[in-house]
Amino acid sequence: MELSIFLLFEIISLFFAITFFIIKRNKIHLYFIPFLFITVLVESIGSLWSLANNSSGKYAMYNIFTTFEFLFYVFLFYKHLKKIIFKKIALLFFPFFLTAVIVNFTFIQGFDRTFNTYAFLLGSFFIVVFCCFYFYESVLPDQIDLQLSKQPFFWISSGLLIFYLGSVFINALFQYLISNDLQSEGKKIYNIINRSLNIILYSTFCIAFYLCPDPRKKYSSPL
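Not measured: the values here are computed from a predicted model.

## Thoughts on the packing of aromatic side chains
Now for step 1: Applying the stated rule across the entire model yields 41 aromatic pairs.
Now for step 2: Ring centres of F20 and Y210 lie 5.7 Å apart, and the angle between their planes is 80°; on these two criteria the pair is classed as edge-to-face. Note that F20 is positioned in helix α1 (residues 2–24) and Y210 in helix α7 (residues 183–211), a separation of 190 residues in sequence.
Now for step 3: For the ring pair F86 and Y136, a centre distance of 6.1 Å and an interplane angle of 80° mean the geometry is edge-to-face. Of this pair, F86 sits in helix α4 (residues 84–108) while Y136 sits in helix α5 (residues 117–138); the two residues are 50 residues apart in sequence, bridging distant segments of the chain.
Now for step 4: Accessibility expressed as a relative area gives 10% for F86, which makes it buried.
Now for step 5: For Y136, a relative accessible area of 43% gives the class partly exposed.
Now for step 6: Across from the ring centre of F21, 5.0 Å away, lies the NZ or CZ of R25, which sits over that ring.

## Here we look at the nonpolar core
Now for step 1: Judged by nonpolar contacts, the single largest core of 52 residues is most densely connected at F32, Y73, F130, L160, Y164 and F205.
Now for step 2: Elements that contribute at least two residues to this core include exactly α1, α2 (27–52), α3 (55–80), α4, α5, α6 (152–179) and α7.
Now for step 3: The leading source of residues in this core is α3, at 10 residues.
Now for step 4: Look past the residues within four positions of F32 in its chain and what remains in contact with it is F72, L76, I156, F205 and F209.

## Let's talk about unusual backbone geometry
Now for step 1: Although it is not a glycine, R25 adopts a positive phi angle of roughly 60°.
Now for step 2: On the secondary structure map, R25 appears in the loop between α1 and α2.
Now for step 3: Overall, R25 belongs to the partly exposed group, its relative accessible area being 42%.

## Considerations on the confidence of the model for the protein chain
Now for step 1: On average, the protein chain scores 86 in pLDDT, and the residues at 70 or more come to 84%.
Now for step 2: Element-level pLDDT for the protein chain is lowest in α6, with a mean of 84, against a maximum mean of 96 in α4.

## Observations concerning the side chain of N116
Now for step 1: Among the structural elements, N116 can be located in the loop between α4 and α5.
Now for step 2: For N116, a relative accessible area of 4% gives the class buried.
Now for step 3: Only 3.0 Å separates the side chain of N116 from the backbone oxygen of G110, close enough to count as a polar contact.
Now for step 4: Non-local contacts of N116, meaning those with residues more than four positions away in its chain, are made with N63, N104, F105, Q109 and G110.

## Remarks on the packing of α4 against α5
Now for step 1: Running from N to C, α4 and α5 point in directions that differ by 170°, and their axes come no closer than 9 Å. The angle between α4 and α5 falls in the class roughly antiparallel. Where α4 abuts α5, its residues F86, I89, A90, F93, F96, F97, A100, V101, N104 and I108 lie against Y118, A119, L122, G123, F126, F130, F133, Y136 and E137.
Now for step 2: Residues that form the contact of α4 with α5 fall into these classes: 16 nonpolar, 2 polar and 1 charged.

Reading guide: rules and limits
Residues numbered from 1 in each chain as written. Predicted model: local features only at pLDDT ≥ 70, side-chain atom pairs only at ≥ 80, totals over all residues. Heavy atoms only, no water. Phe/Tyr/Trp six-rings, centres within 6.5 Å; stacked < 30°, edge-to-face > 60°. Helix = DSSP H or I, 4+ residues; strand = E, 2+ residues; numbered from the N terminus. Buried < 20%, exposed > 50% of the residue type's maximum accessible area, 1.4 Å probe, protein only. Lys NZ or Arg CZ within 6 Å of the ring centre and 35° of its normal. Core = buried A, V, L, I, M, F, W, Y, C linked by side-chain atoms within 4.5 Å. Contact = heavy atoms within 4.5 Å. pLDDT = per-residue confidence, 0-100. Polar contact = N/O pair within 3.5 Å; in protein donor to acceptor, adjacent residues only side chain to side chain. Axes fitted to C-alpha atoms, helices over the stretch in contact; angles between N-to-C directions. Parallel < 35°, antiparallel > 145°, perpendicular 65-115°, else oblique. Nonpolar A, V, L, I, M, F, W, Y, C, P; charged D, E, K, R; others polar.

Here it is in structure tokens:
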């Protein structure tokens, strides 16, 4: 049930991206279409692997995908952030994060034994940092007149901030509940919160796709 809900909102988000790309031809749609297609594919394969009880294959796939996912999101921040120092930090993230992932695969958690929580927490931390960079730039004097709620990347950043802050919280909570012999209750709480976070994330993507301007018109795109 949990995966079907995830998949539903991911498919809806992909549908929005394709639909509004056809209408508006904005680059943000073009970036998201292949990413969301891969996301839907991974979740679909993951569901089949769960039914087949093949954990090792599923872990390997999700470990590769989450690495790609973080790189994709930081690429979006690199394209959108304006300050040179923030762009340089985004560029440095790529080799740093890939090195950390390879070290984790090779020496710590392995490639297909379990989900790479250390790499996920590291990536989540950086996504939160880049979200803060974006919001900082949004309140600068030359940007203060812009209405944030009408800016597509505001919704993307807000969704990412809520999702990754929430993900760090529920993973820490789940570990606490397991350590106190509350695994059954922990799974229920984890599933409810994780489902809600995914719904929020993909809903904000849909709002962003709707708000994206048509770059063929004379006004400039905020993305």
